[in-house]
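Topology and contacts: notes
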Amino acid sequence: MRTSRSRVPRALAGLVLVAAAACTSSKAVQGPVAGSASPATPGLGNTSPGATHPATSDPTRFHTSTPIKHVVFLIKENRSFDNLFGRFPGADGATTANDHGTTRPLTRGYDQRLPHDLPHDYSAAVRSYDGGRMDGFRLTPAADQYAFTQMTGRKMLPNYWRWAERFVLGDRFFASVNGPSFPNHLFTIAAQSGGSHDNPNSPSGDDRGPYKTWGCDAPKTEKVEVVDTEGGVHQVPPCFDFRTEADLLEQRDIPWAYYAAPPVPWEQAPSSGYIWSAFASVRHVRDDAAEWAHHVFPVQQVVDDIQQDRLPPVTWVTPQFAFSEHPEYNFCWGENWTTKVVDAIMRSPMWKDTAIFLTWDDWGGFYDHVPPPQIDRFGLGIRVPLLVISPYAKKRFVDHHHGEFSSVLRFIEDNWGLPQLTRRDRQAGNLHEAFDFTRAPRAPDPLPERTDCAGNAFTRPPPDAYR
């Protein structure tokens, strides 16, 4: 990518704001492409013939301020901290909720398929936050039934729990925007969201376009709301041209890759997960065929590329919908998918100098009791878990330091000597407290996949799951 190009949003010149995070709103009906599931976790290790791969590189040749030569930023979907780790010893979790002044217990959650999605758009985030009271999560009958649930420990999320015990769990890590997926995924690559705080609206019925996307290839009638520096609200296409972390890396000739669900024809799109491919919303990447081909790859091949030692110094990974843990898909299959990716790294030569940052892009409508600090008009958003997995990560360390998605970018910037992008990553901590670089790196410790995941991972949700 040529960094001399102007970086302006595609229908609103000059708007480059520090903004915040979000996940799939309850407006969208998504899912994975139907297909057969194998006994092991499907959806990985099935590189298509003729597929492109990251160019082979030697990450050790680039100077770093720490022993870390590979960063893998792995982003899942729609879980609050209290939903997953509210019962973890030593963490700031809760087992009861404030429901408009009434105390109610957080009941046993769902480690298979949760029957219904929950409200988690910008409006739902604001109402759930309720001025810091954190009491507004009962927004619909489905939320009344499912928002106040949580996983109960090792039996329900065995590998996530085990990683928290063996490595680092962050309990003061927040989504960057108090909203859903679209702006939050932009924060994971740019420390801003172009002024957006919600997901794009749906295109008109006669203008669907070739793909289900929130990016530069979206239908012309699809728009996203952005807020300018004076507070004015505008509807623009979901395509921006601001600088990203990838631009900073390329200025130093440091390779990078982004793995996401690929675009598929609209008829298959409700099953894709392509909506979370953040660089699809960055014009100088999406509209440059060479940049896209050299840096953005189908997530189905990420394990193959790890096993072939092809991952560059900095890699982002987002899953197909079926393995994202987004309700109403199966959490068990999602945890297995993550396990397969982490295990592949642990079994590869790259483990010895890797830091994996594993988080969830927004709270998904689930209860959390910690009010997110409001550092600007967009966020922070409701708290999400962070797991730091590395041979240099501290053991069973609960990190109480404040963090957000920009903190991972700050780690990358400080590690490779890069400048910052926005006020967000300039002010963010760099997560160094999660590591002990004075000790020898720890041996890999891959975990078995669960054997109790029910049903076919790709089974579509019922028609009313997102209503």
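Please refer to the structure placed before this passage.
This report concerns the structure included in the present document. (Residues numbered from 1 in each chain as written. Predicted model: local features only at pLDDT ≥ 70, side-chain atom pairs only at ≥ 80, totals over all residues. Heavy atoms only, no water.)

1. Remarks on the overall build of the protein
A tally of helices and strands in the protein yields 12 helices and 16 strands. Within the protein, buried positions represent 63% of all 467 residues. For the protein, the share of sequence-separated contacts (at least 6 apart) that also reach a separation of at least 24 residues comes to 82%. Approximately 15,900 Å² of the protein is accessible, and the part contributed by carbon and sulfur atoms is 51%. (Helix = DSSP H or I, 4+ residues; strand = E, 2+ residues; numbered from the N terminus. Buried < 20%, exposed > 50% of the residue type's maximum accessible area, 1.4 Å probe, protein only. Contact = heavy atoms within 4.5 Å. Areas by Shrake-Rupley, 256 points an atom, 1.4 Å probe, with all protein chains shown as cover.)

2. As for the state of the cysteines
Per the stated rule, a full pass over the model turns up two disulfides. Each sulfur of the disulfide joining C216 and C239 lies 2.0 Å from the other. Between C216 and C239, the S-S dihedral sits near 85 degrees, and the bridge is therefore right-handed. Here the residue C216 occupies a position in the loop between α5 (181-190) and β8 (224-227), and C239 occupies one in the loop between β9 (233-236) and α6 (245-251), the gap between them amounting to 23 residues. Judged by its relative accessible area of 7%, C216 falls in the buried class. (Disulfide = S-S within 2.5 Å.)

3. Topic: the pairing of strand β12 (residues 314-317)
Residues V314 and W316 of β12 are buried on one face, and the alternating residues T315 and V317, pointing to the opposite face, are buried as well. Direction of pairing for strand β1 (residues 70-76) relative to β12: parallel, over a ladder of four bridges. Bridged to V71 within β12 is V314. (Pairing = 2+ DSSP bridges.)

4. Quick notes on the packing of α5 against helix α11 (residues 405-416)
Interhelical geometry of α5 versus α11 gives an angle of 15 degrees and a closest axis separation of 7 Å. Our classification of the angle between α5 and α11 gives roughly parallel. Viewed along their axes, α5 and α11 form a crossing whose handedness is right-handed. Across the interface between the two elements, N184, F187, T188, I189 and A190 from α5 touch F405, S406 and L409 from α11. For the contact of α5 with α11, the residue count by class is five nonpolar, three polar and no charged. (Axes fitted to C-alpha atoms, helices over the stretch in contact; angles between N-to-C directions. Parallel < 35°, antiparallel > 145°, perpendicular 65-115°, else oblique. Left-handed = near helix turned anticlockwise from the far one by under 90°. Nonpolar A, V, L, I, M, F, W, Y, C, P; charged D, E, K, R; others polar.)

5. So, the pattern of salt bridges
Using the criterion set out here, one finds 22 salt bridges in the structure. Here R439 makes a salt bridge to D436, at a shortest N to O gap of 3.0 Å. Each of the salt bridges in this network shares a partner with another, and the network as a whole consists of D99, R104, R138 and D144. (Salt bridge = Lys/Arg side-chain N within 4 Å of Asp/Glu carboxyl O.)

6. As for unusual backbone geometry
A cis amide bond, omega 25 degrees, links P327 with the succeeding residue E328. Looking at the element boundaries, E328 is found in the loop between β12 and α10 (331-346). Residue L380 is bonded to the preceding G379 through a cis peptide linkage, with omega at 25 degrees. Its identity as a non-glycine residue notwithstanding, D253 has a phi of 60 degrees, on the positive side. The topology assignment puts D253 in the loop between α6 and β10 (256-260). Here D253 falls in the exposed class, since its relative accessible area comes to 59%. Phi at D309 is positive, roughly 60 degrees, even though this residue is not glycine. Along the polypeptide, D309 turns up in the loop between α9 (302-307) and β12.

7. Regarding the packing of aromatic side chains
Considering all chains together, one arrives at 29 aromatic pairs under this definition. Arranged with centres 6.2 Å apart and planes meeting at 85 degrees, the rings of F182 and W214 form a pair that is edge-to-face. Within this pair, whereas F182 is found in helix α5, its partner W214 is found in the loop between α5 and β8, the two being separated by 32 residues in sequence. Note on accessibility: F182 and W214 belong to one class, buried. Ring plane angle 85 degrees and centroid distance 6.1 Å describe the contact between W256 and W316, whose orientation is recorded as edge-to-face. Taken together, the positions of W256 in strand β10 and W316 in strand β12 put the pair 60 residues apart, joining distant regions of the chain. Under the relative-accessibility criterion, W256 is labelled buried at 2%. Through pairs of rings, three or more aromatic residues link up here, namely F357, Y392, F411, F435 and F437. Across from the ring centre of W292, 4.0 Å away, lies the NZ or CZ of R286, which sits over that ring. Note that K394 overlies the ring of F397, its terminal NZ or CZ placed 4.6 Å from the centroid. (Phe/Tyr/Trp six-rings, centres within 6.5 Å; stacked < 30°, edge-to-face > 60°. Lys NZ or Arg CZ within 6 Å of the ring centre and 35° of its normal.)

8. A short note on the nonpolar core
Grouped together as the largest cluster of nonpolar side chains are 111 residues, with contacts concentrated most on F85, W163, F279, W316 and F357. When residues in this core are grouped by element, the largest group, nine residues, is from α10. Discounting residues that sit within four places of it in the chain, W163 has contacts with V168, T338, T339, V342, M346, L358, L387, I389 and L447. In terms of nonpolar packing, the next biggest core, distinct from the first, is built from 18 residues, M134, F137, A147 and F148 among them. (Core = buried A, V, L, I, M, F, W, Y, C linked by side-chain atoms within 4.5 Å.)

9. Here we look at the side chain of H116
Summarising the element assignment, H116 is placed in the loop between β4 (107-108) and α2 (122-129). If we skip the residues at most four places from it in the chain, H116 touches A142, Y146, P327, E328, D464, A465, Y466 and R467.

10. What about the pairing of β8?
With four bridges joining them, β8 and β9 adopt antiparallel strand pairing. Note that in β9 the partner of V224 across the bridge is V236. Linkage of β8 to β9, two consecutive antiparallel strands, is achieved through a turn of five residues, within which G231 is found at a positive phi near 90 degrees.

Read these as geometric descriptors, not functional statements.
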